[in-house]
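Observations on chain architecture
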Amino acid sequence: MSVVQLQRETSPANAGIGSATSGAGATEPRLRIKDVRLEYSTRGKNVVAIDNISIDVPDNQFAVIVGPSGCGKSSLLYLVAGLAEPTSGEILLGDEEVDGPGPDRGMVFQSYTLFPWLTVRENVEFGLKRRRMPAKQREEIVNRYLNETGLAAFHDAYPKQLSGGMMQRVAIARALANDPKILLMDEPFGALDSQTRNSMQKLLLRVWEENRKTVLFVTHDIDEAILLGDRIYVMTARPGRLKEEIIVPIPRPRSMDMVMDAEFIAVKRRILDLLKNEIKDDEH
Amino acid sequence: MARKRSLIDACLTPKSEVPAGLRYAVSTLTWLVVIGLWSLATYGGFMKDIFLPSPSAVIGAFFRLFEDGTLQQHIWASLQVVVIGFLISSLIAVPLGLLMGTFRVVQAGLEPLVNFIRYLPVTSFVPLFILWIGIGIEQRIMVIFFGTFFQQLVMIADVSRGVSKDLLNASYTLGASRRDALLHVLTPAALPGIVDTLRITMGWAWTYLVVAELVAASSGLGYISMKAMRGFQVDVIFLAIAVIGLLGLFTDTVFRLVRLRLVPWAN
Ligand SMILES: Nc1ncnc2c1ncn2[C@@H]1O[C@H](COP(=O)(O)OP(=O)(O)O)[C@@H](O)[C@H]1O
Ligand SMILES: [Mg+2]
């Protein structure tokens, strides 16, 4: 793995380019994925889904994983969530080793996972109820996140009455209401039409500015990765390895217009190059 | 060019909707045809009335048995058997089926045995039940139980296996314990399927009723048909069949309403 400096390709006026090692001001890594390997065994055959990945995500960073389909992105998130166990290696959140799922690692899934028998409000409330939080306090928190995600008017609706974008908004509010240390997002907007996806990205940028929670976000959409991420981890095709870590030199707050900026295009070109090789590698 | 599609088109297009009025008209027509053919066969003298009673004979039988109270008494006896047998079966099969579909160990322990018993004809056990528990109401309840329990178990296990694992995973990442996941995710997620299973197996319970009452009983709708056969009272046999059908329709409607009330989010 290498850490890229994008200096040469961007205009000299923009000096905000960093690297993982020189990341000025970045605090101690909070999430540490150390030499993690994951093999699935199905019908006696072993498939290597993740081949020795190490990633450090510092506190309050928006980290994005991009890679071709099937390269083990979801698997990596499941490992961090504690929903699967690595074959070898370890994952640390702070000083604690990840051992099974817990509310300190909230997750927004690729598929819709709202509880269909609960209203929007009850869905967002689910984690707080498991913690036996008093009703008054619960309502306050739930209202805050319903407002932040623009769902206040729909709090009494059932999931089946909502569009895909709305459902993922509820899923985000539900995960955030629990105040996790890290938010894991597995292609949360992958199934949405492009217009809805754009508005969800805007919403996520805004919500993230307000909370600055550590995020590990998986996508195969390069624009989305650059728009949202502080750093981008590019993965190789199966077996998934880390190919490159890119620090995105675009200042915040970000907006949709930035996709035309020189830095944006430079990062995009770099990622496209990396992935182009991957797709070729995969073809023979 | 936007031509409105004709009614005939709508009728011939797979899965296409047709006006509600047309649907009711066709349903009514089916009944009219059945009753019409029946009337033709009996009033027209094509069938002897000791084999096929006329509609008016069956209605006559209804009033005869209703006025002296025997019909109500036998309906009550049958209803008791079906409802008690079905309740006992459901009370055990629902939780056990959920466990069977959720925990591989329970599945491994029960499935082979259950699948074996499930295909044994209930009728072949009736002599055994009579030998073991006599000819009281317990024996008839046992037949209903035996007929429905193993089917329910397998169907409810399937329902619980069908609950998306992502739903459980989502609850874990929100801090749910295994117990929480079972009580607050798996069970509510399986509820629509459970209600559907109960509705279907209730229908089967009615069909086992006659098996239970034909052989050894002194009351019930199956029993009066048996008695009527000995006295060549075909009208009473027809009446008993019609009443069982109507009771089945009634319980089915009850389950449909229960589903609407209990799991409105799933409709
Ligand atoms: N439960 C599983 N059993 C066996 N193989 C799996 C399982 N889940 C994923 N895989 C395989 O592991 C690889 C990585 O999958 P995944 O993490 O879903 O990739 P991505 O999210 O990047 O598309 C794929 O080749 C997939 O077929
Ligand atoms: Mg995936």
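Residues numbered from 1 in each chain as written. Chains lettered and ligands numbered in written order. Predicted model: local features only at pLDDT ≥ 70, side-chain atom pairs only at ≥ 80, totals over all residues. Heavy atoms only, no water.

As annotated in an unreviewed UniProt entry, chain B is NitT/TauT family transport system permease protein from Ancylobacter amanitiformis. Among the UniProt annotations of chain B, the heading Sequence similarities (unreviewed entry) holds the following wording: "Belongs to the binding-protein-dependent transport system permease family." (UniProt positions renumbered as here; feature names shortened; annotations may be inferred.)

In the nomenclature of an unreviewed UniProt entry, chain A corresponds to NitT/TauT family transport system ATP-binding protein from the organism Ancylobacter amanitiformis. As its UniProt record puts it under Sequence similarities (unreviewed entry), chain A is described as follows: "Belongs to the ABC transporter superfamily."

The helix and strand inventory of chain B stands at eleven helices and zero strands. The secondary structure elements of chain B, listed N-terminal to C-terminal, are α-α-α-α-α-α-α-α-α-α-α. A globule of 267 residues ought to have a C-alpha radius of gyration of about 18 Å, yet chain B, at 24 Å, is considerably larger. Principal-axis analysis of the C-alpha atoms places the extent of chain B at approximately 75 × 75 × 30 Å. (Helix = DSSP H or I, 4+ residues; strand = E, 2+ residues; numbered from the N terminus. Rg over C-alpha atoms; globule rule 2.2 N^0.38 Å.)

Here we take up the site of ligand 1. All names here are of chain A. Near ligand 1 the following residues occur: Y40, T42, A49, S69, G70, C71, G72, K73, S74, S75 and R238. At 3.4 Å, a side-chain N or O of Y40 approaches a nitrogen atom of ligand 1. Within the backbone of C71, an N or O atom sits 3.2 Å from an oxygen atom of ligand 1. Elements with a contribution of two residues or more to the shell around ligand 1: β2 (29–42) and α1 (73–81). With three residues, the single largest contributor to the shell around ligand 1 is α1. Here the shell around ligand 1 is built from residues that sort into three nonpolar, six polar and two charged. (Near = heavy atom within 4 Å. Polar contact = N/O pair within 3.5 Å; in protein donor to acceptor, adjacent residues only side chain to side chain. Nonpolar A, V, L, I, M, F, W, Y, C, P; charged D, E, K, R; others polar.)

What follows covers the interface of chain A and chain B. Of the residues lining the interface, 24 residues belong to chain A; the matching set on chain B comes to 18 residues. Interface area, chain A with chain B, both sides summed: about 1,800 Å², of which 68% is carbon and sulfur. Interface area lost by chain A to chain B is led by W117(A), R130(A) and K160(A), which between them contribute 34%. Across the contact surface, chain A and chain B share one salt bridge. D180(B) is the partner of R130(A) in a salt bridge, and the nearest nitrogen-oxygen pair spans 3.8 Å. The interface formed by chain A and chain B holds four residue pairs in polar contact (both at pLDDT 80 or more) in total. For the side of chain A that touches chain B, the secondary structure elements donating two or more residues are α1, β7 (105–108), α2 (120–130) and α4 (164–177) of chain A. Looking at the side of chain A that touches chain B residue by residue, the classes come out as 14 nonpolar, six polar and four charged. (Contact = heavy atoms within 4.5 Å. Buried area = accessible area lost by both parts, 1.4 Å probe. Salt bridge = Lys/Arg side-chain N within 4 Å of Asp/Glu carboxyl O.)

Right, let's get into the pattern of salt bridges. All names here are of chain A. Counting across every chain of the model gives 24 salt bridges over all chains. A salt bridge links R138 to E125, with the nearest nitrogen and oxygen atoms 3.2 Å apart. Of this pair, R138 sits in helix α3 (residues 135–148) while E125 is found in helix α2, placing the two residues 13 residues apart along the sequence. You can call R138 buried: its relative accessible area is 14%. Looking at E125, the relative accessible area reads 11%, which means it is buried. Ionic pairing is found between R252 and D230, a salt bridge with its closest N-O pair at 2.9 Å. (Buried < 20%, exposed > 50% of the residue type's maximum accessible area, 1.4 Å probe, protein only.)

So, about the packing of aromatic side chains. Within the structure shown, the criterion is met by 17 aromatic pairs over all chains. Here the aromatic rings of F62(B) and F63(B) are separated by 5.2 Å at their centres, their planes lie at 75°, and the arrangement is edge-to-face. Classification of F62(B) by relative accessible area gives partly exposed; the value is 30%. Taking 5.4 Å as the distance between ring centres and 70° as the angle between the ring planes, the aromatic pair formed by F129(B) and F146(B) counts as edge-to-face. Of the two residues, F129(B) is situated in helix α6 (residues 126–133) and F146(B) in helix α7 (residues 137–161); the sequence distance between them amounts to 17 residues. A single burial state applies to F129(B) and to F146(B), both of which are buried. Of the aromatic side chains, those joined through ring pairs into one cluster are F125(B), F129(B), F145(B), F146(B), F149(B) and F150(B). In this arrangement the basic side chain of R174(A) is found over the ring face of F115(A), its NZ or CZ atom lying 4.8 Å from the centre. (Phe/Tyr/Trp six-rings, centres within 6.5 Å; stacked < 30°, edge-to-face > 60°. Lys NZ or Arg CZ within 6 Å of the ring centre and 35° of its normal.)

Residue and element names in this part refer to chain A. Tracing the backbone shows P188 in the loop between β8 (182–186) and α5 (194–211). Along the backbone, P188 and N143 are 45 residues apart, and their C-alpha atoms lie at a distance of 22 Å. If we ignore the near neighbours within four places in the chain, the residues touching P188 are V108, F109, Q168, F217 and V218.

To continue, consider the UniProt feature "transmembrane region" (unreviewed entry) in chain B. Within this structure's numbering, the places UniProt gives as "transmembrane region" (unreviewed entry) are residues 21–41, 75–101, 113–135, 141–160, 206–224 and 236–258 of chain B. Between the first and last C-alpha atoms of residues 236–258 of chain B the distance is 33 Å; the span itself is 100% helix and 0% strand.

Our next topic: the UniProt feature "domain: ABC transporter" (unreviewed entry) in chain A. Taking the numbering used here, the UniProt-annotated feature "domain: ABC transporter" (unreviewed entry) corresponds to residues 31–262 of chain A. Secondary structure content for residues 31–262 of chain A is 32% helix and 28% strand, and the end C-alpha separation is 31 Å.

Once that is clear, we can look at helix α5 (residues 104–118) of chain B. Residues and elements named next belong to chain B. For α5, with 15 residues, the first-to-last C-alpha span of 20 Å sits near the 21 Å given by 1.5 Å per residue. In the structure, α5 departs most strongly from a straight axis at L110, where the bend amounts to approximately 40° and where the proline P112 lies between one and four residues downstream. Of the surrounding secondary structure, the elements contacted by the buried residues of α5 are α4 (70–102) and α7. (Expected span 1.5 Å × (residues − 1). Bend = angle between axes of the 7 residues up to and from the residue.)

Further remarks concern the packing of α4(B) against helix α9 (residues 178–215) of chain B. All names here are of chain B. In the contact formed by α4 and α9, the axes pass within 8 Å of each other and the chain directions differ by 145°. Between α4 and α9 lies a crossing whose hand is right-handed. Contacts from S78, L79, V81, V82, F86, S90, V94, L98 and T102 in α4 reach L182, L186, T187, A190, I194, L198, T201, M202, A205, W206, L209 and E213 in α9. Residue classes in the contact of α4 with α9 are distributed as 15 nonpolar, five polar and one charged. (Axes fitted to C-alpha atoms, helices over the stretch in contact; angles between N-to-C directions. Left-handed = near helix turned anticlockwise from the far one by under 90°.)

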